[in-house]
Structures are given as structure tokens and as C-alpha cells.
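Residue-level structure breakdown
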Amino acid sequence: MKNLKAMLVGVVGVGALVLTAPAWASPKTVTLNVSNMTCEACPITVKKALQKVPGVSKIDVLYEKKQVMVTFDDSRTSTDALVKATTNAGYPSQPEKTAK
Ligand SMILES: [Cu+2]
């Protein structure tokens, strides 16, 4: 009986993890250099594409710099997935090389 209870607590714990972002998940911010942003409507398209990626929490398009800063949960998505999202929308991008 004791074991069963422990198991149930474990299951509930895992469920809570899936439903809510774990407190210790550290958001990661990456800057992407985006090609093809030629008019002021482009950032909107790029932003929309990135919003569809699960785990993305914040998107700042820096139109003048042709960059987009994306904050995401790195346990749910990756820089590669973000690059793919903008590329599929017609805006190939690559992560900016930054010193950590
Ligand atoms: Cu445009």
C-alpha cells in the first residue's frame, strides 16, 4: 500500500511537470540573423512563424538589424527548430555567434 501511494504521488508529480513549465527550466535567448526581410511586413511573417514553435515565449524582431531575438524553453524546442521555422516561412536564418 505504501508503495502504491508513492507511485501515485510520482505519477501526479510527472503530470504537473507536463502541464506547467518546470520552475527550473531556464529560458534561453538566441539571436537569429534573418535573410529576406525586405519590407516592414516581413517581421510579422517571421514572428508568426516563430509563434507556432512550441516553447517559444518571447519574440523581438529587430527589423533594422535584420535580426530576431527569440526566448524559448530549451527543454521544449531548440535553435535548430527556430531556424527551420523561419526558413520554412521563406526567411532563412542562422544563429548569431555570441560569446557566452
Ligand atoms: Cu516583406
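Note that the coordinates shown come from a computational prediction; the quantities given were computed from them, not determined experimentally.

A word on the coordination of the copper ion. Surrounding the copper ion are the protein donor atoms Cys 39 (SG) and Cys 42 (SG), at 2.1 Å. Owing to a relative accessible area of 6%, Cys 42 belongs among the buried residues under this scheme.

With that settled, the discussion passes to the packing of helix α2 (residues 42–51) against helix α3 (residues 79–88). Axis separation between α2 and α3 bottoms out at 9 Å; the angle between their running directions is 135 degrees. The pairing of α2 with α3 is recorded here as oblique in orientation. Crossing of α2 over α3 shows right-handed handedness. Residues Val 46, Ala 49 and Leu 50 of α2 pack against Leu 82, Ala 85 and Thr 86 of α3. Of the residues contributing to the contact of α2 with α3, the split by class is 5 nonpolar, 1 polar and no charged.

All right, on to the sheet that holds strand β3 (residues 67–73) then. Read across the open sheet, the 4 strands follow the order β2-β3-β1-β4; overall the sheet is antiparallel. Looking at the sheet topology across the chains shown, the edges are occupied by β2 (56–62) and β4 (93–95). Ignoring strand direction, the axes of neighbouring strands in this sheet form an average angle of 25 degrees. As paired strands, β2 and β3 are joined by 6 bridges and run antiparallel to one another. Directly across from Asp 60, in β3, lies its bridge partner Met 69. Sheet contacts for α2: β1 (27–34), β2 and β3; angle to β2, the most-contacted strand, approximately 165 degrees.

Cut-offs used in this document
Residues numbered from 1 in each chain as written. Predicted model: local features only at pLDDT ≥ 70, side-chain atom pairs only at ≥ 80, totals over all residues. Heavy atoms only, no water. Donors = N, O, S within 2.8 Å, 3.2 Å for Na, K, Ca; no water. Buried < 20%, exposed > 50% of the residue type's maximum accessible area, 1.4 Å probe, protein only. Axes fitted to C-alpha atoms, helices over the stretch in contact; angles between N-to-C directions. Helix = DSSP H or I, 4+ residues; strand = E, 2+ residues; numbered from the N terminus. Parallel < 35°, antiparallel > 145°, perpendicular 65-115°, else oblique. Left-handed = near helix turned anticlockwise from the far one by under 90°. Contact = heavy atoms within 4.5 Å. Nonpolar A, V, L, I, M, F, W, Y, C, P; charged D, E, K, R; others polar. Pairing = 2+ DSSP bridges.

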